[in-house]
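The chain contents come next:
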Amino acid sequence: MENINSLEDRFHHQIDNEVKIEARDWMPDAYRKTLIRQISQHAHSEIVGMLPEGNWITRAPSLKRKLALLAKVQDEAGHGLYLYSAAETLGIEREEMLNQLHSGKAKYSSIFNYPTLSWADIGAIGWLVDGAAIMNQVPLCRCSYGPYARAMVRVCKEESFHQRQGYEILLTLCKGSIEQKEMAQDALNRWWWPSLMMFGPNDDASPNSAQSMKWKIKRFTNDELRQRFVEMTVPQAAILGITIPDPLLKYNQETGHYDFGPIDWEEFNQVVAGNGPCNKERLEARIKAHDDGAWVREAASAYAEKQKNKKEKSVA
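Below, the structure is looked at part by part. (Residues numbered from 1 in each chain as written. Predicted model: local features only at pLDDT ≥ 70, side-chain atom pairs only at ≥ 80, totals over all residues. Heavy atoms only, no water.)

Quick word on the packing of aromatic side chains
The geometry of an aromatic ring pair is captured by two quantities: the separation of the ring centres and the angle between the planes.
In step 1: This structure, assessed with the given rule, holds 10 aromatic pairs.
In step 2: For the ring pair tryptophan 56 and tryptophan 119, a centre distance of 6.4 Å and an interplane angle of 55 degrees mean the geometry is tilted. Placement of tryptophan 56 in the loop between α2 (29-54) and α3 (63-88) and of tryptophan 119 in helix α5 (residues 119-137) is noted, with a sequence separation of 63 residues between them. When sorted by exposure, tryptophan 56 lands in the same class as tryptophan 119, which is buried. (Phe/Tyr/Trp six-rings, centres within 6.5 Å; stacked < 30°, edge-to-face > 60°. Helix = DSSP H or I, 4+ residues; strand = E, 2+ residues; numbered from the N terminus. Buried < 20%, exposed > 50% of the residue type's maximum accessible area, 1.4 Å probe, protein only.)

Written out as structure tokens, the structure is:
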């Protein structure tokens, strides 16, 4: 029988040689715990992220917009399902993860605790928030843990569509009236800095990044991804004809990259701690939706049990 050292050697050999770690493979407890934390946090973000956009389904300006937004919210629900399922392969029950979310103990992306004040906010969420999500998540398709990496392939394809959908909303507004373009500018003003916060703390303040990089759960640091996002977004804003709300933003000829102003990490920490503008509202809405849907889960369980008993009787 293999001892613990040989199991560790095999684990590190797989990581070093880009061989996926699968659910039945031996893995260090710390690796498992890190994945559970990251994947469940990701799943929570997808589920809570449905709420600010769901508020606008009935208020979208046309039937076409309603249908597109409804489809996007459904996609986000699916993303949560994939991710909860991936986390379950690590030995945690979905009920436990949901209890953590509903109790306020679980963390999820702080950006979903900001209000959506106008239709332009839906465009900004698609362009900026989903754009940041793509920047974060495409490298996760090469995550060392197989179930997570495979789930991310479909998630990223759908997020790419969401980003284009959001940008098209803003492009339409920016080609419209003065008031519509001002609405787009206002949305950018409010969502720009929270979008930069989506990548997490600066590298020197991120306690988990270094180890996650060694395990190849992450492929790039928070600051590297944040910089890539800025490089991608600045020319897109120029096409829209609206201004990124950062007076310190400028192209650095020496480095070949954009420099940008400091992020308000105190605001970030407050929102993550549950003190954001919509933390309480979003959590209450999520709990209510879960409670209101109890009868659906009960009916599905009863049907599954009925089908199981029916099959057992037919075999007997």
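Some points on the pattern of salt bridges
In step 1: Following the criterion strictly, the structure yields 12 salt bridges and no others.
In step 2: With a closest N to O distance of 2.8 Å, glutamate 22 and arginine 150 form a salt bridge. Pair noted here: glutamate 22 is in the loop between α1 (4-16) and α2 and arginine 150 is in helix α6 (residues 146-174), with a separation of 128 residues, a long-range link.
In step 3: Among the residues examined, arginine 150 registers a relative accessible area of 49% and is labelled partly exposed.
In step 4: We note a salt bridge from arginine 190 to aspartate 121, for which the minimum N-O separation is 2.6 Å. Remark: aspartate 121 occurs in helix α5 and arginine 190 occurs in helix α7 (residues 178-197); sequence separation between them is 69 residues. (Salt bridge = Lys/Arg side-chain N within 4 Å of Asp/Glu carboxyl O.)

A few points about the packing of α6 against helix α9 (residues 222-240)
In step 1: Contact pair α6 / α9: the axes reach a minimum separation of 9 Å and the direction vectors enclose 30 degrees. Along its contact with α6, which presents Gln163, Tyr167, Leu170, Leu171 and Cys174, the element α9 presents Gln236, Ile239 and Leu240.
In step 2: Here the contact of α6 with α9 is built from residues that sort into 6 nonpolar, 2 polar and no charged. (Axes fitted to C-alpha atoms, helices over the stretch in contact; angles between N-to-C directions. Contact = heavy atoms within 4.5 Å. Nonpolar A, V, L, I, M, F, W, Y, C, P; charged D, E, K, R; others polar.)

What about empty space enclosed by the protein?
In step 1: Enumeration according to the criterion identifies 1 cavity of 30 Å³ or more in this entry.
In step 2: Within this model, the largest cavity holds a volume of roughly 40 Å³.
In step 3: In terms of lining, the largest cavity is formed by Gln14, Ile15, Glu18, Val19, Lys20, Arg142, Cys143, Ser144, Lys216 and Arg219. (1 Å grid on protein atoms, 1.4 Å probe; cavity = no way out; pocket = protein on both sides within 12 Å on 5 of 7 lines; lining within 4 Å. Points joined across faces, edges and corners; volume = space filled by probe spheres on them.)

Considerations on the layout of surface pockets
In step 1: Roughly 310 Å³ of internal volume is contained in the second largest pocket.
In step 2: If you trace the second largest pocket, you find it lined by Ile47, Ala77, Gly80, Leu81, Tyr84, Arg94, Glu95, Leu98, Asn99, Arg286, His290 and Arg297.
In step 3: When contributions to the lining of the second largest pocket are tallied by element, the ones reaching two or more residues are α3, α4 (94-102) and α11 (279-292).
In step 4: The residue makeup of the lining of the second largest pocket, split by class, is 5 nonpolar, 3 polar and 4 charged.

Observations concerning the nonpolar core
In step 1: With 78 residues, the main nonpolar core has Tyr31, Leu35, Ile39, Trp127, Tyr145, Tyr148 and Trp191 as its most contacted residues.
In step 2: What tyrosine 148 contacts, discounting residues up to four positions off in sequence, is Leu35, Gln38, Ile39, His42, Leu83, Ala86, Leu140 and Cys143. (Core = buried A, V, L, I, M, F, W, Y, C linked by side-chain atoms within 4.5 Å.)

Remarks on the packing of α4 against α11
In step 1: Contact geometry of α4 with α11 gives a least axis separation of 10 Å together with a crossing angle of 140 degrees. Taken together, α4 and α11 sit at an angle that is classed as oblique. Together, Leu98, Leu101 and His102 of α4 and Leu283, Arg286, Ile287 and His290 of α11 make up the contact between the two elements.
In step 2: Of the residues contributing to the contact of α4 with α11, the split by class is 4 nonpolar, 2 polar and 1 charged. (Parallel < 35°, antiparallel > 145°, perpendicular 65-115°, else oblique.)

Section: unusual backbone geometry
In step 1: Positive phi, normally seen in glycine, also occurs at glutamate 18, with a value near 60 degrees.
In step 2: Positioned with a positive phi, lysine 216 is a non-glycine residue whose angle comes to about 60 degrees.
In step 3: Tracing the sequence through the fold places lysine 216 in the loop between α8 (209-214) and α9.
In step 4: By relative accessible area, which is 19% here, lysine 216 ends up buried.

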